[in-house]
Amino acid sequence: MKFLLVVFFVLLGLRGFSHSDERISFSRADSIIRKVILKKEFAHYSRLKATAYLKNSLRLNKAPERFLGKRVRKLLKIKTTDKPQILYLYEANSDLYFQENGLIKEDIKAYKDYGYYRQWEFTKAASLQLNFNEDYVTLKGLSDKKFVSPISQHAFNFYDFKHNETIVDSLGEEIDVIHILPKKTFAPTFSGYIYVNKKNMQICKVSLHLGDNAGISFINDLLIEQNLVKIDDFY
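Participant: An account of the nonpolar core is needed here, citing residue identities and associated values.
Facilitator: Core analysis: the biggest nonpolar cluster contains 43 residues, and Leu139, Ile178, Phe190 and Ile194 have the highest contact counts within it. A total of 5 residues in this core trace back to one element, the largest contributor, which is helix H1 (residues 19-39). Excluding residues that lie within four positions of it along the chain, Phe190 makes contacts with Phe132, Val137, Phe147, Val148, Pro150, Tyr159, Ile180, Pro182, Leu208, His209, Leu210 and Ile224. Grouped together as the second largest cluster of nonpolar side chains are 5 residues, Ile175, Val177, Tyr195 and Cys204 included.

Rendered as structure tokens:
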């Protein structure tokens, strides 16, 4: 049986570098990451309110007629196994209250669910808040494993960093794009990119992957994206 939780296709541009350019880009990235790690010690939390919409679904692409001697249609309570279909769907609207101590309170206004198979059940938006300023990141509802943040105090034991490019955002601020490269294939690490504001050395965006080597059941690829909003001088 093949299950699909999330599918993303990402096309990365290829560029040519000389060996000296490679060394400079890695060295430059290391310097930026060290500053980001130092800066995160002064992380600032504000009292804020936000409205959240949460949707999670489990879709079956295709399945055999039988699995371990049992009829799959009866096992999963579906009509056919040769067409894509939703096994489980959950939607909710809620208000999130962010506290100055970093805690989050959630007030669920309305929700609806459909289906029987609840292998992945995310019922609260607050539980999906990932803070990469922490040394370790957990994915509640998916895995009990702790994954090393790219800006952990121990980041250089787990990652290599490469400066990819410098871009200018919609506010006219320069952003350094850092490529995150795990040192070991099966370590509890992410891969992808983080975006660092060149002026204040804070992360303003992340685009990170966990592949099938992350050890999360039934998930081949998970993409985590965060676009952080700047309030005063903090993201």
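So that's the structure; there's more coming.
Participant: Residue-level account of the packing of aromatic side chains, with values.
Facilitator: According to the stated counting rule, one finds 5 aromatic pairs in the structure shown. Judged by centre distance (5.4 Å) and plane angle (70 degrees), the rings of Phe132 and Phe190 are edge-to-face. Pair noted here: Phe132 is in the loop between strand E6 (104-115) and strand E7 (136-138) and Phe190 is in the loop between strand E10 (174-182) and strand E11 (191-197), with a separation of 58 residues, a long-range link. Accessibility classification places Phe132 together with Phe190 in one group, the buried group. A centroid spacing of 5.3 Å and a plane angle of 65 degrees characterise the contact between Phe156 and Phe161, whose relative ring orientation is edge-to-face. In this structure Phe161 comes out as buried when scored by relative accessible area, which is 1%. One aromatic cluster is present, formed by Phe132, Phe147 and Phe190 through successive ring pairs. For the cation-ring pair, Arg34 lies above Phe156, with the distance from its terminal atom to the ring centre recorded as 4.1 Å. Against the face of Tyr195 rests Lys205, its NZ or CZ located 4.8 Å from the ring centre.

Participant: So, the sheet that holds strand E12 (residues 203-211): which residues are in play, and what are the values?
Facilitator: Ordered by their spatial adjacency, 5 strands build an open sheet running E9-E10-E11-E12-E13, and the pairing between neighbours is antiparallel. Only two strands of the sheet have a single partner each, and these edge strands are strand E9 (159-168) and strand E13 (221-227). Neighbour to neighbour, the strand axes of the sheet diverge by 15 degrees on average, direction disregarded.

Participant: Outline the side chain of Gln99, supporting the account with residue identities and numerical values.
Facilitator: Following the sequence through the fold, Gln99 ends up in the loop between strand E5 (85-98) and E6. When its relative accessible area of 18% is taken as the criterion, Gln99 is described as buried. For Gln99, the side chain forms a polar contact with the side chain of Arg47, separated by 3.2 Å. When residues no more than four places from it in sequence are discounted, the contact partners of Gln99 are Tyr45, Ser46, Arg47 and Lys105.

Participant: Before we move on, can you summarise the pattern of salt bridges with the specific residues and values?
Facilitator: Evaluated as defined, the whole model comprises 8 salt bridges. Among the ionic pairs, Asp160 bridges to Lys183, the shortest N-O distance being 2.8 Å. Note that Asp160 is positioned in strand E9 and Lys183 in the loop between E10 and E11, a separation of 23 residues in sequence. In this structure, Lys198 and Glu174 form a salt bridge, with 3.8 Å as the shortest nitrogen-oxygen distance. Taken together, the residues span a long stretch of sequence, with Lys198 in the loop between E11 and E12 and Glu174 in strand E10 at a distance of 24 residues. Residue classification places Lys198 among the partly exposed positions, given a relative accessible area of 33%. It is possible to trace a salt-bridge network through shared partners that takes in Asp95, Asp107 and Lys109.

Participant: I'd love a proper account of the pairing of E6, names of residues and values included.
Facilitator: One face of the sheet, then the other: side chains in a regular strand alternate in exactly this way. Pairing analysis gives 11 bridges linking E5 to E6, with the strands arranged antiparallel. Bridge pairing links Ala92 to Tyr111 in E6. Linking E5 back to E6 in an antiparallel pair, the connection comprises 5 residues, with Gly102 at a positive phi of about 95 degrees.

Rules and cut-offs
Residues numbered from 1 in each chain as written. Predicted model: local features only at pLDDT ≥ 70, side-chain atom pairs only at ≥ 80, totals over all residues. Heavy atoms only, no water. Core = buried A, V, L, I, M, F, W, Y, C linked by side-chain atoms within 4.5 Å. Buried < 20%, exposed > 50% of the residue type's maximum accessible area, 1.4 Å probe, protein only. Helix = DSSP H or I, 4+ residues; strand = E, 2+ residues; numbered from the N terminus. Contact = heavy atoms within 4.5 Å. Phe/Tyr/Trp six-rings, centres within 6.5 Å; stacked < 30°, edge-to-face > 60°. Lys NZ or Arg CZ within 6 Å of the ring centre and 35° of its normal. Pairing = 2+ DSSP bridges. Axes fitted to C-alpha atoms, helices over the stretch in contact; angles between N-to-C directions. Polar contact = N/O pair within 3.5 Å; in protein donor to acceptor, adjacent residues only side chain to side chain. Salt bridge = Lys/Arg side-chain N within 4 Å of Asp/Glu carboxyl O.

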